[in-house]
Amino acid sequence: MRILISLVSSSTPTGLHLLSFSRRLHTKISPFSTLIGLKPPPAMAASEDSLRRSLAEKQSSIESQGNTVRTLKAANAEKATVDEAIEKLNALKLDKSVMEKQLQAAVNGNGPDGSINKEAFRQAVVNTLERRLFYIPSFKIYRGVAGLYDYGPPGCAVKSNVLSFWRQHFVLEENMLEVDCPCVTPEAVLKASGHVDKFTDLMVKDEKTGTCYRADHLLKDFCNEKIQKDLTISAEKAAELKHVLAMLDDLSAEELGAKIKEYGITAPDTKNPLSDPYPFNLMFQTSIGPSGLSPGYMRPETAQGIFVNFKDLYYYNGNKLPFAAAQIGQAFRNEISPRQGLLRVREFTLAEIEHFVDPEYKSHPKYSEVADLEFLMFPRERQISAQSAKKIQLGEAVSKGIVNNETLGYFIGRVYLFLTRLGIDKDRLRFRQHLANEMAHYAADCWDAEIESSYGWIECVGIADRSAYDLHAHTVLSTVYDRPLQYLTFYGGYQKLVIAPVKKELGLAFKGNQKKVVEALEAMNEKEALDMKVSLETKGEVEFYVCTLGENVTIKKNMVSISKEKKKEHQRTFTPSVIEPSFGIGRIIYCLYEHSFYMRPSKAGDEQLNVFRFPPLVAPIKCTVFPLVQNQQYENVAKIISKSLTAAGISHKIDITGTSIGKRYARTDELGVPFAITVDSISSVTIRERDSKDQIRVDVEEAAPVVKSVTDGHRTWADVWASFPHHSSGSAED
């Protein structure tokens, strides 16, 4: 859901608010990061900084040596002395030229071995995607409309496979309730949710022509251009610009306008001055019915359809909490300046989950299944202190209060598993916590799953604890329900955990930090609190991490009381909290395209061949069938195999053209097809794996079952390789 940010910060646009199976993959494929230099070694940042400093020193030396040469010439010094000084000056200039090339490579993402940079890589990916009809600009014969795209056959297949896996991974495995609600939404609904008043981005106008621009985009482009192309800026200035980029989402309208003026940013096309930033509502407005008296909007998210149906869904679920509802559907946003292909569009597919939970009990029964996962996390404290993301165990993040509660942590873990199983590189996936000014005032905690692409880090999934805001808003403003959208629970009695910090003792021990320690103690979950109780009773003191201080403190027995009290309560009424994972499907798919794309030389070495290494799970076509030569008997065998593949539910394609088998392999590799069956006899066939190019030989009747077992994940290619005779491709390959 997008509103969780836009209610507070109008400077951050979001559409959410938006198997390795190769036996010898590592020996055959250059990693994406090496190919384009996207993932430099840890020392790269320091290297860029030191290069800028060295370049500044070298420039100073050149200026000094230039003065020396001029002084010698003015004094009519001996020719040998002047020549020696000039030679030294030329050597310094040569050194500077080398440093400039090194710095240019460092900031532009060129590989250390001279491999292509981010922009060239991106262009190769996009050209391939459009040429093979994964997606194309909409209404192309009418010059198109910015921010609208059509998915072609392979793109539709990839999208369908991603959504099918999403349903399996979340809806089926978590027993969620799936709904499908209209795209057209009455104004009253979006007024209650806050979208009518607050669903905005900050816009500036060319003061002379009236052309509109996204304010934060202009600042971002300026900073990136200075860092990447102006090699004369100091290391300190580069660090300042990087800090602005890191904090861009946290800037208010006034701060954003001040930065635009400070850096002298003008309209890109005309260089005219710009207006101050002001909010622009991103929703497409319409009217419902012919009278025009019932205003409505194209929905900016799918979540509101779930919230307004909470009462019915709760009844359908047997009047029990917790439960989750899910929806996949189109959402719409009238972007100020759409760009970056599928990453920023005006119509897009969202998959959203609303998990309703008791606000006092946010534990999760399956949390232990993900608690041991370790991946890149970027807590707000590390962002503010200009540190980078680091690998943190999810269980540790929850226990230390970095992640607010178990249910939020559980969904973060499940999102990580979903994305990595799709084929997203785990080393270029991080979970970034929202900064204070990004979060809505009612939100308990918010994290974004960000994927690194050639455009930088892209927010693809938002996971937020939205508290009870939406249900409460619809309870207040609904004109139908006389009973609030609340939940009634009945108890004969229950035990409640009571954490009572002794503020006097904590004040004496921690003085000005007393409040932060008290808040951290009160925020403990039940397991943490009971563990602390045991430690205090046995040892008398315990080390306790306070995330807002960023350090451990010593808590003594006299500083806090922890107990479980029996409460008698026959009825408790509350509005459920909502944990919301929201997936921008188009963004995930584009990042998957980049993470799956690589190039390898043809056998002759005279050209580079494009390959998408999609896992079988998401590949648009799972298998191709090729008669080796145009032969009626071979074609009949190919048709028999095709029927078997169809019966097994495996998407495939027959290619009976007379083109060489190597060229047919190359064509299907470019579509990301993981397996190719080649018919070269009437009794047996070969099966080729895309990335290793290894081939096995199987009987005709075994071909479909073998492919199905691997594409369904029941066997790996390594298992198959070990079970069947190997086949040498000879000169036919490539």
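What counts as what
Residues numbered from 1 in each chain as written. Predicted model: local features only at pLDDT ≥ 70, side-chain atom pairs only at ≥ 80, totals over all residues. Heavy atoms only, no water. Helix = DSSP H or I, 4+ residues; strand = E, 2+ residues; numbered from the N terminus. Buried < 20%, exposed > 50% of the residue type's maximum accessible area, 1.4 Å probe, protein only. Areas by Shrake-Rupley, 256 points an atom, 1.4 Å probe, with all protein chains shown as cover. Pairing = 2+ DSSP bridges. Axes fitted to C-alpha atoms, helices over the stretch in contact; angles between N-to-C directions. pLDDT = per-residue confidence, 0-100. Contact = heavy atoms within 4.5 Å. 1 Å grid on protein atoms, 1.4 Å probe; cavity = no way out; pocket = protein on both sides within 12 Å on 5 of 7 lines; lining within 4 Å. Points joined across faces, edges and corners; volume = space filled by probe spheres on them. UniProt positions renumbered as here; feature names shortened; annotations may be inferred. Disulfide = S-S within 2.5 Å.

**Thoughts on the overall build of the protein**
Link 1 in the chain: Of regular secondary structure, the protein possesses 26 helices and 31 strands.
Link 2 in the chain: For the protein, with 734 residues in total, the buried portion stands at 52%.
Link 3 in the chain: Within the structure as shown, the protein displays about 33300 Å² of accessible surface, and the carbon and sulfur contribution to it stands at 52%.

**Describing the sheet that holds strand β4 (residues 184-186)**
Link 1 in the chain: One open sheet accounts for 3 strands, arranged β4-β9-β8; its pairing is antiparallel. Edge positions in the sheet fall to β4 and β8 (285-287), since each of these pairs with one other strand and no more. Across the sheet, the axes of successive neighbouring strands diverge by a mean angle of 40°, strand direction being ignored.
Link 2 in the chain: Sheet topology note: the β4/strand β9 (residues 295-298) ladder contains 3 bridges and is antiparallel. In the strand pairing of β9, Pro 186 is matched with Gly 296.

**Structural notes on unusual backbone geometry**
Link 1 in the chain: Following Leu 321, the chain continues to Pro 322 via a peptide bond in cis, the omega torsion being -5°.
Link 2 in the chain: As for its position among the elements, Pro 322 is in the loop between α14 (310-316) and β10 (323-332).
Link 3 in the chain: A positive phi angle, close to 55°, is found at Ser 467, a residue other than glycine.
Link 4 in the chain: With respect to the helices and strands, Ser 467 occurs in the loop between β16 (456-465) and α18 (469-477).
Link 5 in the chain: The exposure class of Ser 467 is buried, given its relative accessible area of 17%.

**Some thoughts on the confidence of the model for the protein**
Link 1 in the chain: Per-residue pLDDT for the protein averages 85, and the proportion of residues at 70 or more is 88%.
Link 2 in the chain: A low-confidence stretch, residues 1-46 stays under pLDDT 50, and its non-local contacts, those more than four residues away or across chains, total 169 contacts.
Link 3 in the chain: Contacts for the low-pLDDT stretch residues 111-115, under 50 throughout, to residues beyond four places or in other chains number 9 contacts.

**Observations regarding the sheet that holds strand β31 (residues 726-727)**
What holds strands together in a sheet is hydrogen bonding between their backbones, with the strands either parallel or antiparallel.
Link 1 in the chain: Ordered in space as β27-β26-β28-β29-β30-β31, the 6 strands form an open sheet in which the pairing is mixed. Here the strands that pair on one side only, and so sit at the sheet edges, are β27 (652-654) and β31.
Link 2 in the chain: Pairing analysis gives 5 bridges linking strand β28 (residues 675-679) to strand β29 (residues 684-689), with the strands arranged antiparallel. Its bridge partner lying in β29, Thr 678 is registered against Thr 686.
Link 3 in the chain: In this fold helix α23 (residues 632-647) packs onto β26 (623-627), β27, β28 and β29, with an angle of close to 165° to the strand it touches most, β26.
Link 4 in the chain: With respect to the sheet, helix α25 (residues 703-711) is in contact with β26, β28, β29 and β30 (695-699), its orientation differing from that of β28 by roughly 170°.

**A closer look at the layout of surface pockets**
Link 1 in the chain: Computed from the structure, the second largest pocket encloses a volume of approximately 1500 Å³.
Link 2 in the chain: Taken together, 44 residues make up the lining of the second largest pocket; nearest its centre are Asn 404, Ala 523, Met 524, Asn 525 and Glu 528.
Link 3 in the chain: Every element with two or more residues in the lining of the second largest pocket is listed here: α15 (380-384), α16 (394-399), β18 (494-501), α20 (514-522), α21 (526-539) and β19 (541-546).
Link 4 in the chain: Per-element accounting of the lining of the second largest pocket gives the leading share, 6 residues, to α21.

**A closer look at the environment of Pro 620**
Link 1 in the chain: Tracing the sequence through the fold places Pro 620 in the loop between β25 (608-612) and β26.
Link 2 in the chain: Spatially, the C-alpha atoms of Pro 620 and Cys 156 are 7.9 Å apart, while their sequence positions differ by 464 residues.
Link 3 in the chain: Setting aside chain neighbours within four positions, we find Pro 620 in contact with Phe 134, Pro 154, Ala 157, Val 158, Asn 161, Phe 614, Ser 651 and Leu 671.

**What to know about the pairing of β29**
Link 1 in the chain: Along β29, 6 of the 6 residues are buried, which leaves the element largely enclosed by surrounding structure.
Link 2 in the chain: Where burial is concerned, the two faces of β29 agree: the one with Ser 684, Thr 686 and Arg 688 and the one with Val 685, Ile 687 and Glu 689 are both buried.
Link 3 in the chain: Here β28 hands over to β29 after 4 residues, the two strands then running antiparallel side by side.
Link 4 in the chain: Of the strand pairs in this sheet, β29 and β30 are connected by 5 bridges, and their pairing is antiparallel. Along β30, the bridge assignment pairs Ser 684 with Asp 699.

**Description of the UniProt feature "coiled-coil region" (unreviewed entry) in the protein**
Link 1 in the chain: In this structure's numbering, the residues bearing the UniProt feature "coiled-coil region" (unreviewed entry) are residues 72-102.
Link 2 in the chain: In this annotation, residues 72-102 is assigned 87% helix and 0% strand; the end-to-end C-alpha distance for the span is 33 Å.

**Notes on the state of the cysteines**
Link 1 in the chain: Taken as a whole, this structure holds 0 disulfides when the rule is applied.
Link 2 in the chain: Unpaired in this structure, Cys 181 has its nearest cysteine sulfur neighbour in Cys 183, at a distance of 9.8 Å.
Link 3 in the chain: Relative accessible area serves as the criterion here: at 11%, Cys 181 is assigned to the buried category.
Link 4 in the chain: As a non-bridged cysteine, Cys 591 has Cys 460 as the owner of its nearest cysteine sulfur, 3.9 Å distant.
Link 5 in the chain: Look at Cys 591 and you get buried, because its relative accessible area is 0%.

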